[in-house]
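An overview of the molecular structure
These are the residues of each chain, in order.
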Amino acid sequence: MRHKTLYLLRNKLLFVLALVLISAFVGTSLINYSLTRKAIHQEIIEKDLPLTRDNIYSDIIAEIMKPVLVASSMATDTFLKEWAEEGEHDVSRIVRYLEQIRQRYQFFTTFFVSEKSGNYYHYKGIHKVISPNDDHDVWYYRFKKDNRDYDLDVDNDEASHNTLTVFINYKVHNQAGRLLGVTGVGVKVDTLAGLISDYQKRYDRLIYLTDRSGTIQVHQDKQLIETQKLSQMAGIAELAPELLALGEKPEDFEFRRNNQQILLTARFIKEIDWVLFVEQNETKALAQARMNLLRTILIGLAVSVLVLVLTLLTTKRYQQKIEEMATRDSLTGVANRRLLQQEFERALYLNSRTGIIFSVMLIDLDGFKAVNDRSGHLTGDLVLKQIAEMIRRTVRPTDIVSRWGGDEFVILTQLTAAESSMVAERIRKNVADNTMIPSTDTDEQLQRISVSCGITEFNPGDSLDSMLGRADKAMYQAKNNGGNTVHISNISTD
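Residues numbered from 1 in each chain as written. Predicted model: local features only at pLDDT ≥ 70, side-chain atom pairs only at ≥ 80, totals over all residues. Heavy atoms only, no water.

**Thoughts on the side chain of T109**
Basically, it comes down to this: Secondary structure elements follow DSSP: runs of H or I no shorter than four residues count as helices, runs of E no shorter than two count as strands, and numbering proceeds from the N terminus. The term polar contact refers here to a pair of N or O atoms within 3.5 Å; inside protein, the definition further demands a hydrogen-donor-capable atom paired with an acceptor-capable atom, and it admits residues adjacent in sequence only when both atoms are side-chain atoms.
Looking at the element boundaries, T109 is found in strand β1 (residues 109-114). Within the local environment of T109, its side chain forms a polar contact with the side chain of H122, the two groups lying 3.2 Å apart.

**Overview of the nonpolar core**
Where we set the bar: For this analysis, a nonpolar core means a set of buried residues of the types Ala, Val, Leu, Ile, Met, Phe, Trp, Tyr and Cys, connected via side-chain atoms within 4.5 Å. Partly exposed residues are those whose accessible area sits between 20% and 50% of the maximum for their type, while under 20% is buried and over 50% is exposed, using a 1.4 Å probe and protein chains only. The contact criterion used throughout is that any non-hydrogen atoms of two residues lie within 4.5 Å.
Residues I60, L243, W274 and L276 are the most contacted members of the largest nonpolar core, which totals 67 residues. When near neighbours in sequence (up to four residues on either side) are disregarded, L243 contacts R212, L230, I236, F253, L264, A266 and F277. Judged by nonpolar contacts, the second largest core, of 27 residues, contains L384, A388, V401 and I411.

**Notes on the side chain of T215**
As for its position among the elements, T215 is in the loop between β7 (206-211) and β8 (216-218). Of the polar contacts made by the side chain of T215, one reaches the side chain of K229; its length is 2.8 Å. The residues contacting T215, other than those within four sequence positions of it, are L209, T210, E226, T227, Q228 and K229.

**Here's the deal with the confidence of the model for the protein chain**
Applied cut-off: pLDDT is a residue-level measure of predictor confidence that goes from 0 to 100.
Scored by pLDDT, the protein chain has a mean of 82; 83% of the residues are at 70 or more. For the stretch residues 301-313, pLDDT sits under 50, and the model shows 14 contacts to residues farther than four places along the chain or on other chains.

**Some points on the sheet that holds strand β14 (residues 408-413)**
Cut-off, in case you're wondering: Pairing between strands is defined by DSSP: at least two bridges between them are needed. To get an axis, a line is fitted to the C-alpha atoms, and for a helix only the part in contact is used. The angle between two axes follows their N-to-C directions and goes from 0 to 180 degrees.
The five strands are arranged β13-β14-β12-β17-β18 in an open sheet whose pairing can be described as mixed. At either margin of the open sheet sits one strand with a lone partner, and together these are β13 (400-405) and β18 (486-488). The mean angle between the axes of side-by-side strands here comes to 20°, regardless of whether they run parallel or antiparallel. Pairing geometry for β13 and β14, over five bridges, is antiparallel. Within the sheet, the bridge partner assigned to I400 lies in β14 and is L412. Helix α10 (residues 337-354) rests against β13 and β14 of the sheet, and its axis sits at about 135° to β13. Across the face of the sheet, helix α14 (residues 464-480) comes into contact with β12 (359-365), β13, β14, β17 (451-457) and β18 while running at roughly 140° to β17.

Printed below as a string of structure tokens:
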């Protein structure tokens, strides 16, 4: 009887232990699956999708801005204006001009449409005379009424076997402001579609671009281009008004399509007035997590491995946040030296790939030591914050503003030295006009602050130190000129 009782107690104990272990293990597995699902969701929303979106954004900018800049230079070309105003004589001259540009930059097509004659000049000759009654020509008359200097239009190129093309159209005006016509270049849609296709294969995500009306402009399915709208797409149709009202800040969305959860990130590309969309099928992304759940139920050690992986992922995310904090100047909030060096390396990479020129501006406050001496370091810190904020509001969002040390600020911008000098001049004027601090001098209640700026443009072989060295010399030349001025470094002699 006693042995039977012990046997029953042992069996009960084994049963309880087994129940506890199985319950704990299954419960842990289910909890772990839930955590994994949330982690994957957060990872996609906070890291993977934004990273894919921003990488594509950078490549599209690099791919599109080159033809935009070329079309802009064509629109201001003296030859083109004089040829149009002199009566469009000798067609061979404009044909040679368009062909030279097409070959030089490897564009698919180049063109000029005359406002006076209506002739559509192509790099092969006169294509036709445009007419408001021709469906292929309505773009010209619509663009004439538009206040913008340029736009992008996706259409079939009649002059090149109706090849689907992204046209960059730029208005040409004479000195009196009269419209002479529209010039520009064309890039095959296949070029952008190929870029999008590479990213889709690499990241297994659906990527496409629309204009502000929601019409598909770039998609791997060419049949959707210029025919499909967001408002007609399954699942996303209800979000269309919100998506088309997107500002410059990227936003994330979620919706369901065919009983599957879709995560969507969108970013407005201001330079071309299009919107970039990147979709991730979360249901598909979670398939592996479900397989892991089954494996953890069958194999006990998998729980420990998954917990470790989740811990590592969490630690990694927090470490990334800490590193991000380490890239900002604690006083002004602008980038510090570390982030500036990283952005310089990125600019070097873009330059090597696309030839995009960039420049460095070194800004130094005039007489800042005297400010600290007269008004105290607290006032000096407030002045630095005010100057940093003023610089940030003046430059473009893509420009990198950093505090180099003390009262020196460095701006890294994808502009030429001449273009940078115009930005620096606006900064100088804003500071001189709007920055004043209390003065201890009873005869002058407010003391104005000014800055001196040195500018240099990237030269092959440059490092950040060499560019800053030239910018520093230029800045001191500005100070020697009396301060409150901008000076551009002479690369050939520095």
